[in-house]
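Each chain, letter by letter, is given below.
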Amino acid sequence: MKKILLIVNPRAGKMKAKSALFDIVQIFCENGLDVSVTVTSYAGHATEIAENLDESYDIVACAGGDGTLNEVIAGVLRGGRNVPIGYIPCGSTNDFASTIGLSKDLGKAALDIATGKEVGFDIGRFGDRYFSYVASFGAFTKASYSAPQGMKNVLGHAAYILEGIKDIPSIKSEHVKVEIDDGRVYENDYIFGAITNTTSVGGILTLDKTLVTLNDGKFEMLLVKKPKNIGDLTRCISALLSQKTDCDMFDFCELSKAKITTAGPLAWSLDGEKADSDIDVTIENLHTAVRVILPEKAAEDALFNE
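## Digging into the overall build of the protein
Move 1: Looking only at helices and strands, one finds ten helices and 17 strands in the protein.
Move 2: Counting only residues that meet the buried cut, the protein has 52% of its 306 residues in that class.
Move 3: Taking contacts inside the protein between residues at least 6 apart in sequence as the whole, the part at least 24 apart equals 74%.
Move 4: For the protein, the computed accessible surface area is about 13500 Å², with 51% contributed by carbon and sulfur atoms.

## A closer look at the pairing of strand β17 (residues 280-294)
Move 1: Alignment of strand β5 (residues 117-126) against β17, held across nine bridges, turns out to be antiparallel. Along β17, the bridge assignment pairs F126 with I283.
Move 2: Pairing of strand β14 (residues 257-262) with β17 involves five bridges; the strand directions are antiparallel. Note on β17: the bridge partner recorded for I260 is V281.

## Digging into the pattern of salt bridges
Move 1: One pass over the structure, following the stated rule, counts seven salt bridges.
Move 2: Among the charged side chains, a salt-bridge network with shared partners connects D232, R235 and D248.

## With respect to unusual backbone geometry
Move 1: Phi is positive for T288, close to 45 degrees, though the residue is something other than glycine.
Move 2: The residue T288 is located in strand β17 in this model.

## Side note on the packing of aromatic side chains
Move 1: Under the criterion given, the structure shown has three aromatic pairs.
Move 2: We note K3 situated over the ring of Y57; from NZ or CZ to the ring centre the distance is 4.6 Å.

## Focus: the environment of I237
Move 1: Residue position: I237 is located in helix α9 (residues 230-242).
Move 2: Sequence spacing of I237 and M249 is twelve residues, and the spatial spacing of their C-alpha atoms is 10.0 Å.

## Topic: the nonpolar core
Move 1: Counting residues in each nonpolar core, the largest one holds 48 residues, and the members touching the most others are V72, F121 and L294.
Move 2: No other element matches the five residues that helix α3 (residues 66-79) contributes to this core.
Move 3: V72 has contacts with I7, A46, A50, V60, C62 and I85, leaving out every residue within four places of it along the chain.
Move 4: Counting residues in hydrophobic clusters, the runner-up holds 23 residues, among them F137, Y190, C253 and A258.

## A few points about the pairing of β14
Move 1: Of the two faces of β14, the one holding A258, I260 and T262 is buried and the one holding K257, K259 and T261 is not buried anywhere.
Move 2: Summarising the sheet, strand β8 (residues 174-180) and β14 pair through five bridges and their orientation is antiparallel. Pairing of E179 across the sheet is with K259, part of β14.

## A word on the state of the cysteines
Move 1: The tally for this structure, following the rule as stated, stands at zero disulfides.
Move 2: For the unlinked cysteine C62, the closest cysteine sulfur is that of C90, found at 8.4 Å.
Move 3: Under the relative-accessibility criterion, C90 is labelled buried at 0%.

## Some words on α3
Move 1: Over its 14 residues, α3 runs 20 Å from end to end, which matches the ideal 20 Å to within 8%, given 1.5 Å per residue.
Move 2: Counting buried positions along α3 gives eleven out of 14 residues, so the element sits mostly inside the fold.
Move 3: Among the residues of α3, D66, G67, T68, L69, N70, E71, V72, I73, A74, G75 and V76 are the ones counted as buried.

Definitions and limits used
- Residues numbered from 1 in each chain as written.
- Predicted model: local features only at pLDDT ≥ 70, side-chain atom pairs only at ≥ 80, totals over all residues.
- Heavy atoms only, no water.
- Helix = DSSP H or I, 4+ residues; strand = E, 2+ residues; numbered from the N terminus.
- Buried < 20%, exposed > 50% of the residue type's maximum accessible area, 1.4 Å probe, protein only.
- Contact = heavy atoms within 4.5 Å.
- Areas by Shrake-Rupley, 256 points an atom, 1.4 Å probe, with all protein chains shown as cover.
- Pairing = 2+ DSSP bridges.
- Salt bridge = Lys/Arg side-chain N within 4 Å of Asp/Glu carboxyl O.
- Phe/Tyr/Trp six-rings, centres within 6.5 Å; stacked < 30°, edge-to-face > 60°.
- Lys NZ or Arg CZ within 6 Å of the ring centre and 35° of its normal.
- Core = buried A, V, L, I, M, F, W, Y, C linked by side-chain atoms within 4.5 Å.
- Disulfide = S-S within 2.5 Å.
- Expected span 1.5 Å × (residues − 1).

If you want it as structure tokens, here you go:
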């Protein structure tokens, strides 16, 4: 019988994981899994648990938001164990879960872990930290980590939008230089930047699925230039809404590794969690660094190379 450790974040989303815990455990047991449960108490706790995972466990799973998944992945990588990861999404936005086709029904998500397929995933390294699906800076980035947890629990995705609106009067550009490992260089004043491995970031930035493969060893980078007038701003908004990455207000490309230099320390968001950086930071794609358990249908999606 396989052993699974379930890490539960009781504060994620509307605390759905807490109320559904018995059902989740029952589904695991009915499908031949020997379950142990541990509950997180503070930020970074899931990383500590996963990093020190006992070798007897065959699967580590988490019930929480994308930030909880980020912590578990970081712990697995730091601990050096190539154990498959299961994810029951019950956060406020669940961008990554939506991208990879996980069910919003917690019982179905648990069943998919018990019966699903392991798929290799690319993970980002940001200095000495990791991210599952996005590293971003600039406009609206602060909303992902500054919206109060209570607001997220009550309003869900709307909390990020409301928090982002508060940023509009103070949006400023950052002078950023990106040196990609193949010799390409992008340098300009940007109001937003994202290095992503997903089709959706906070519901604000979306990419066409044909542009994204989650285990091809590459990330997609989108940099939004500073609008000089209302016409520039209108083109930015129109292009974002229509997923047209060839807009002249954007710099868009794929990359595996890049050095990013800024005029001063810059506030970043990694999977919705705050990450301050020095003026230089290296971002690198760790090709298929972890294995995530997906429903059979999702594992066969065009987002994956199999």
